Amino acid sequence: MKYRIALATYSGENIDLHFGRCTTFQVAEVTDNESWEYVDEIDTGLACDGGCGHENIEKVADKLSSCKYALSSRIGPGAARILLNKGIKALEVEIEIDQAIEKLMIYDKAHS
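Okay, so let's go over this structure. The numbers attached to residues start from 1 for each chain and follow its sequence in the written order. Given that this is a predicted model, residues contribute local features only at a pLDDT of at least 70 and side-chain atom pairs are listed and counted only at 80 or more, while totals for whole chains, interfaces and linings are drawn from all residues. Side-chain numbers here rest on the full set of heavy atoms in the structure, without hydrogens or water.

Quick word on the sheet that holds strand β3 (residues 35-43)
Inclusion rule: Only strands that DSSP links by at least two bridges are regarded as paired with each other. Numbering goes from the N terminus for both helices and strands, where a helix is a DSSP run of H or I of at least four residues and a strand is a run of E of at least two. Simply put, an axis is a line fit to the C-alpha atoms, just over the touching stretch for a helix, and the angle between two N-to-C directions goes from 0 to 180 degrees.
Spatially, β3-β2-β1-β4-β5 is the arrangement adopted by the five strands of the open sheet, whose pairing is mixed. Lying at the two open borders of the sheet, with one neighbouring strand each, are β3 and β5 (89-92). Strand-to-strand twist of the sheet, defined as the mean angle between neighbouring strand axes without regard to direction, takes the value 25°. By the bridge criterion, three bridges tie strand β1 (residues 2-7) to strand β4 (residues 69-72) in an arrangement that is parallel. Bridging from a neighbouring strand, Leu7 pairs with Leu71 of β4.

Following this line, the structure appears as structure tokens:
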């Protein structure tokens, strides 16, 4: 089984951006919770541009709709709820991307 993960990263090495401040998400695709690779980059624009209106967050969530998870260093409860309503589970982590995805594969295997 394959699924996708939206990664909020500035450095390209770490999950190091707040969800609302990320304008481009890297996308990783996981296969059978065994391996992963980068497959896409999604330009979303800012979810929070001087204020976190639900309209902007909805637009970002729609653009990330191919993803099962969204990893960011921080995400507000309203944004997390909007993502969840779109079928995307938001998780806060602030570690290297490799480590984050390895942990997520274990989590997904246990909760699937």
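Brief notes about unusual backbone geometry
Filter applied, for reference: Relative accessibility under 20% of the residue-type maximum defines a buried residue, over 50% an exposed one, and the middle range a partly exposed one, all with a 1.4 Å probe and only protein chains included.
Unusually for a residue other than glycine, Asp32 sits at a positive phi of about 55°. The topology assignment puts Asp32 in the loop between β2 (24-31) and β3. Overall, the relative accessible area of 47% leaves Asp32 in the partly exposed class. Here Asn33, not a glycine, exhibits a phi torsion of approximately 50°, which is positive. Looking at where Asn33 falls in the secondary structure, it is placed in the loop between β2 and β3. Residue classification places Asn33 among the buried residues on the basis of a relative accessible area of 14%.

Topic: the pattern of salt bridges
Cut-off, in case you're wondering: By definition here, a salt bridge exists when the distance from a side-chain nitrogen of Lys or Arg to a carboxyl oxygen of Asp or Glu is within 4 Å.
The tally for this structure, following the rule as stated, stands at seven salt bridges. Glu29 is paired through a salt bridge with Lys2; the nearest N and O atoms lie 3.8 Å apart. Of this pair, Glu29 sits in strand β2 while Lys2 sits in strand β1, and the two are 27 residues apart along the sequence. A residue is classified by how much of its surface remains accessible, and Glu29, at 14% relative accessible area, is buried. Here Lys86 makes a salt bridge to Asp62, at a shortest N to O gap of 2.6 Å.

Focus on the environment of Ser66
The condition that has to hold: For this analysis, residues touch if any pair of their heavy atoms sits within 4.5 Å.
As for its placement among the helices and strands, Ser66 is situated in the loop between α1 (54-63) and β4. Sequence-wise, Ser66 and Val27 are 39 residues apart; in three dimensions their C-alpha atoms are separated by 9.5 Å. Those residues in contact with Ser66, other than ones at most four positions away along the chain, are Arg4 and Ile42.

Description of the packing of aromatic side chains
Defined as follows: Aromatic contacts are taken between Phe, Tyr and Trp rings whose centres are within 6.5 Å, Trp giving its six-membered ring; a plane angle under 30 degrees counts as stacked, one over 60 as edge-to-face, and the others as tilted. Charge-over-ring contacts are defined here by two conditions on Lys NZ or Arg CZ: a distance within 6 Å of the ring centre and an angle within 35 degrees of the ring normal.
By the definition in use, this model includes four aromatic pairs. With a centroid separation of 6.2 Å and an interplanar angle of 75°, the aromatic rings of Tyr69 and Tyr107 are classed as edge-to-face. Of this pair, Tyr69 sits in strand β4 while Tyr107 is found in helix α3 (residues 97-111), placing the two residues 38 residues apart along the sequence. For Tyr69, a relative accessible area of 4% puts it in the buried group. By way of ring pairs, the aromatic residues Tyr3, Tyr69 and Tyr107 are connected into one cluster. Over the ring of Tyr3 we find Lys68, and its NZ or CZ is 5.0 Å from the ring centre.

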